[in-house]
Amino acid sequence: MSEITIATYDFLDALDKSDIIKNLTKYKNKLLKNKFLLKEIKETQEIKDNKIIITKRKEIYNNPDYQKYMEYYNELSLIIMKINKQYMKYTKEHTCHE
C-alpha cells in the first residue's frame, strides 16, 4: 500500500475520532429528537414567500442545538471543500481523458 493511501486511511480514522464528528453526531441526534424543530424545518421547505422563509429560519437558528450542529457541519464542510479543491487541482492538471 502506498504512503498516500496509508495517510488517507489515517486521516479518515482521525476524522472519525475527532471532536468535529463526535459533536456533529451529538447535536444531530439531539435535533432528531426535537419533533417541534423538525416540523418547523419541514414547514420551511414548503414555504414560497422569501420573507416568511427568512423569519422561520431565524427562529430555527435561535435553537442552541441547531446553532452548534451548524457550527460543526460548517467546519466539516470547509475541510471537505479544501480536499475537493486540492483533488480538482490534481485531476485538472493530470487528466488524460478530455
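You'll find the structure just up there.
Computed from a predicted structure; not experimentally measured. (Residues numbered from 1 in each chain as written. Predicted model: local features only at pLDDT ≥ 70, side-chain atom pairs only at ≥ 80, totals over all residues. Heavy atoms only, no water.)

**Overview of the environment of Tyr72**
Then step 1. Residue position: Tyr72 is located in helix α5 (residues 64-94).
Then step 2. By relative accessible area, which is 13% here, Tyr72 ends up buried.
Then step 3. Taking the C-alpha atoms as reference points, Tyr72 and Tyr61, 11 residues apart in sequence, are found 14 Å from one another.
Then step 4. Once residues lying within four places of it in the same chain are set aside, the contact partners of Tyr72 are Ile20, Asn23, Leu24 and Tyr27. (Helix = DSSP H or I, 4+ residues; strand = E, 2+ residues; numbered from the N terminus. Buried < 20%, exposed > 50% of the residue type's maximum accessible area, 1.4 Å probe, protein only. Contact = heavy atoms within 4.5 Å.)

**Looking at the packing of aromatic side chains**
Then step 1. One pass over the full model with this rule turns up three aromatic pairs.
Then step 2. Aromatic pair Tyr27 and Tyr72: ring centres 6.2 Å apart, planes at 10 degrees, arrangement stacked. Remark: Tyr72 occurs in helix α5 and Tyr27 occurs in helix α2 (residues 19-33); sequence separation between them is 45 residues. Accessibility classification places Tyr27 together with Tyr72 in one group, the buried group. (Phe/Tyr/Trp six-rings, centres within 6.5 Å; stacked < 30°, edge-to-face > 60°.)

**Topic: the nonpolar core**
Where a protein is soluble and globular, its nonpolar side chains tend to be buried together.
Then step 1. If you look at the biggest cluster of nonpolar residues, it comprises 13 residues, and the most contacted ones within it are Leu24, Leu31, Leu37, Tyr66, Tyr69 and Leu76.
Then step 2. Elements with a minimum of two residues in this core: α2 and α5. (Core = buried A, V, L, I, M, F, W, Y, C linked by side-chain atoms within 4.5 Å.)

**As for the pattern of salt bridges**
Then step 1. Inspection of every chain in the model, using the stated rule, returns five salt bridges.
Then step 2. For the salt bridge of Asp65 with Lys30, the shortest nitrogen-to-oxygen distance reads 3.4 Å. Taken together, the positions of Asp65 in helix α5 and Lys30 in helix α2 put the pair 35 residues apart, joining distant regions of the chain.
Then step 3. For Asp65, a relative accessible area of 21% gives the class partly exposed.
Then step 4. Judged by its relative accessible area of 37%, Lys30 falls in the partly exposed class.
Then step 5. Close ionic contact of Lys56 with Glu43 constitutes a salt bridge, the shortest N to O distance being 3.7 Å. Pair noted here: Lys56 is in helix α4 (residues 50-61) and Glu43 is in helix α3 (residues 35-46), with a separation of 13 residues, a long-range link.
Then step 6. Residue classification places Glu43 among the partly exposed residues on the basis of a relative accessible area of 29%.
Then step 7. Among the charged side chains, a network of salt bridges with common partners joins Lys39, Glu40, Glu43 and Lys56. (Salt bridge = Lys/Arg side-chain N within 4 Å of Asp/Glu carboxyl O.)

Interpretation note: all reported values are geometric properties and have no functional meaning in isolation.
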